[in-house]
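Each chain is listed here by its residues.
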Amino acid sequence: MEAAIVALIVVLSGYDVVAAQTVHARKSCEHFEIRFGHRYADILDTQDDGRLRIDYGRFHQTLERTGEG
């Protein structure tokens, strides 16, 4: 991939229910940033009282993929 100068550009859009508007994001990744066999870590947890918690500290964390899908 380095010799071919491979890069990816990812464009996402979604709906923010709090702001009531569509939001967009764009990210480019060069060959050395691409991690094969990895997935992003979950950033959502349920607290003991049942409320949803978002852990932004894990937002860019990746985990090696297992055979669990």
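Residues numbered from 1 in each chain as written. Predicted model: local features only at pLDDT ≥ 70, side-chain atom pairs only at ≥ 80, totals over all residues. Heavy atoms only, no water.

### Points about the pattern of salt bridges
Thinking step 1. Counted according to the given criterion, the structure contains four salt bridges.
Thinking step 2. A single network of salt bridges, built from pairs that share partners, joins D45, R53, D55 and R58. (Salt bridge = Lys/Arg side-chain N within 4 Å of Asp/Glu carboxyl O.)

### What about the pairing of strand 2 (residues 21-30)?
Thinking step 1. The sheet contact formed by strand 1 (residues 7-16) and strand 2 spans 10 bridges and is antiparallel. Paired with V11 across the two strands is R26, which belongs to strand 2.
Thinking step 2. Linking strand 1 to strand 2, which pair antiparallel, is a turn of four residues; within it A20 sits at a positive phi near 55 degrees. (Pairing = 2+ DSSP bridges. Helix = DSSP H or I, 4+ residues; strand = E, 2+ residues; numbered from the N terminus.)

### Section: unusual backbone geometry
Thinking step 1. Its identity as a non-glycine residue notwithstanding, I5 has a phi of 55 degrees, on the positive side.
Thinking step 2. If you trace the backbone, I5 turns up in the segment before strand 1.
Thinking step 3. I5 gets classed as exposed once you look at its relative accessible area, which sits at 71%.
Thinking step 4. A positive phi angle is found at A20, which is not glycine, with a value near 55 degrees. (Buried < 20%, exposed > 50% of the residue type's maximum accessible area, 1.4 Å probe, protein only.)

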